[in-house]
Amino acid sequence: MALLNIRYDFRCPDICPVPVDELYEAAIEQVVWAEKLGFVSVTLSEHHGSDDGYLPSLVAMASAIAARTETIHIMLGALIAPMHDPLRVAEDLAVLDRISKGRMSVIVAGGYVPSEFAMFGHEMKDRVALTVEMVDTLKAAWTGEPFEFRGRTVCVTPTPYQDPRPMIWLGGSSEGAARRAARIADGFLPSLPEFWDHYRDEVIKLGNPDPGPASSGSPGYLHITHDPDATWAQVAPHAMHEMNAYGRWAAESGAATGYEPVDDPNILRAMGMHQLISPTEAIEMINGMAAMDAVMFHPLMGGLDPALAWENLHLFESEVLPHL
């Protein structure tokens, strides 16, 4: 069966019917639910200074989830390197790995939102160097041995729970990022599937095992419902917010993220990123996927009402999962 995953970014725009603390609470309860049903991972995403409250603190939320769960893997995806001090990240993630007993990994990315770089006093031109520095620092820090950092000798304790260390992925939206991931990281998560071939090519050139073709997965937003049209009317404002918020960032930076501003919810629905399907259709879709393909739920997308999100998840539990 395909791998079941769930993700959160905690956008809470004005159309969100509950305050952000209720989104936090709902997400933690949903991850507990997902673990009981055999979901393999929860992904948390970060951005900074977003006017809709996008989660800025991955480690804080991941720690809360780790304290309530026992088996589900916690993916930090992505940690935006230029917005963080590498030594502090190494410490925080080592502690998180201890709290979770080795259930975390991290995707490091260079970022692409100009306002975030301005907020933290960095230039966009420095993002590659800062990303490489972050990866190098995590690797060195997690040995528990002294190492050189910005001209001084430092040592990070404690070491992580995982031996030798948690996996470090690289995220990116360019050929350069893909090839860089092959050289310095343990894996690659592209913003668009076409960048995977560059990663695979570089991995093979380096003499490492072929990672194979890109895996496929479910849409960015999956909602199980008996009445897709009526449910879309409830979901559409939140989907529009998410698409246009990401779309504005992409337009400002020129990054290839797959998002673009859209002014018509019917056009957005036709793009296929948001799939509202019946239980029967969901069974057929998921059973047709390969064993390592990913089914990704994003239940609180765009500040969606937690009550509506639970309807989606409970329908998956009662009418889809038993047939997978």
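Look up a bit, the structure's there.
Here goes a summary of the coordinates provided. These figures come from a predicted structure and were not determined experimentally. (Residues numbered from 1 in each chain as written. Predicted model: local features only at pLDDT ≥ 70, side-chain atom pairs only at ≥ 80, totals over all residues. Heavy atoms only, no water.)

1. A word on the nonpolar core
Okay, so step 1: Phe-39, Leu-44, Leu-76 and Phe-316 are the most contacted members of the largest nonpolar core, which has 77 residues in total.
Okay, so step 2: At seven residues, the largest contribution of residues to this core is made by helix α1 (residues 20–36).
Okay, so step 3: With sequence-adjacent residues up to four places away left out, Leu-76 is seen in contact with Leu-44, Leu-58, Ala-62, Leu-93, Leu-96, Met-104, Ser-105, Val-106 and Ile-107.
Okay, so step 4: Formed by 13 residues, the second largest nonpolar core is a distinct cluster that contains Val-235, Ala-239, Met-243 and Val-262. (Core = buried A, V, L, I, M, F, W, Y, C linked by side-chain atoms within 4.5 Å. Buried < 20%, exposed > 50% of the residue type's maximum accessible area, 1.4 Å probe, protein only. Helix = DSSP H or I, 4+ residues; strand = E, 2+ residues; numbered from the N terminus. Contact = heavy atoms within 4.5 Å.)

2. Quick look at the side chain of Glu-242
Okay, so step 1: Residue placement: Glu-242 occurs in helix α8 (residues 228–253).
Okay, so step 2: Here Glu-242 is buried and forms no salt bridge, its nearest opposite-charge partner Arg-7 lying at an N-O distance of 4.4 Å.
Okay, so step 3: At 3.0 Å, the side chain of Glu-242 forms a polar contact with the side chain of His-298.
Okay, so step 4: What Glu-242 contacts, discounting residues up to four positions off in sequence, is Arg-7, Asp-9, Arg-11, Tyr-259, His-274, His-298 and Met-301. (Lys, Arg positive; Asp, Glu negative; His and termini not counted. Salt bridge = Lys/Arg side-chain N within 4 Å of Asp/Glu carboxyl O. Polar contact = N/O pair within 3.5 Å; in protein donor to acceptor, adjacent residues only side chain to side chain.)

3. Notes on the packing of helix α2 (residues 58–68) against helix α3 (residues 86–99)
Okay, so step 1: Two elements in contact, α2 and α3, have axes separated by 9 Å at closest approach and are oriented at 10°. Judged on the interaxial angle alone, α3 and α2 are roughly parallel. Contacts from Val-59, Ala-62, Ser-63 and Ala-66 of α2 reach α3 at Asp-92, Leu-93, Leu-96 and Ile-99.
Okay, so step 2: Considered class by class, the residues forming the contact of α2 with α3 number six nonpolar, one polar and one charged. (Axes fitted to C-alpha atoms, helices over the stretch in contact; angles between N-to-C directions. Parallel < 35°, antiparallel > 145°, perpendicular 65-115°, else oblique. Nonpolar A, V, L, I, M, F, W, Y, C, P; charged D, E, K, R; others polar.)

4. Brief notes about the packing of aromatic side chains
Okay, so step 1: Tallied over the entire structure, the rule returns 13 aromatic pairs.
Okay, so step 2: For the pair Tyr-246 and Tyr-259, a centre-to-centre distance of 4.5 Å together with 35° between the ring planes defines the contact as tilted. A residue pair is termed long-range when its members are at least 10 positions apart, and Tyr-246 in helix α8 and Tyr-259 in the loop between α8 and α9 (265–270) qualify at 13 residues.
Okay, so step 3: An aromatic cluster is built from Trp-33, Phe-39, Phe-297, Trp-310 and Phe-316, whose rings are joined through pairwise contacts.
Okay, so step 4: Geometry around Tyr-246 places Arg-11 over its ring, the cationic atom sitting 4.5 Å from the centre. (Phe/Tyr/Trp six-rings, centres within 6.5 Å; stacked < 30°, edge-to-face > 60°. Lys NZ or Arg CZ within 6 Å of the ring centre and 35° of its normal.)

5. Focus: the layout of surface pockets
Okay, so step 1: By volume, the second largest pocket is sized at about 150 Å³.
Okay, so step 2: Every residue lining the second largest pocket is listed: Glu-46, Pro-56, Ser-57, Leu-58, Val-59, Leu-79, His-84, Asp-85, Arg-88, Val-89, Asp-92 and Leu-93.
Okay, so step 3: Looking at the lining of the second largest pocket, the elements with two or more residues in it are α2 and α3.
Okay, so step 4: Top contributing element to the lining of the second largest pocket by residue count: α3, with four residues.
Okay, so step 5: Grouping the constituent residues of the lining of the second largest pocket by class yields six nonpolar, two polar and four charged. (1 Å grid on protein atoms, 1.4 Å probe; cavity = no way out; pocket = protein on both sides within 12 Å on 5 of 7 lines; lining within 4 Å. Points joined across faces, edges and corners; volume = space filled by probe spheres on them.)

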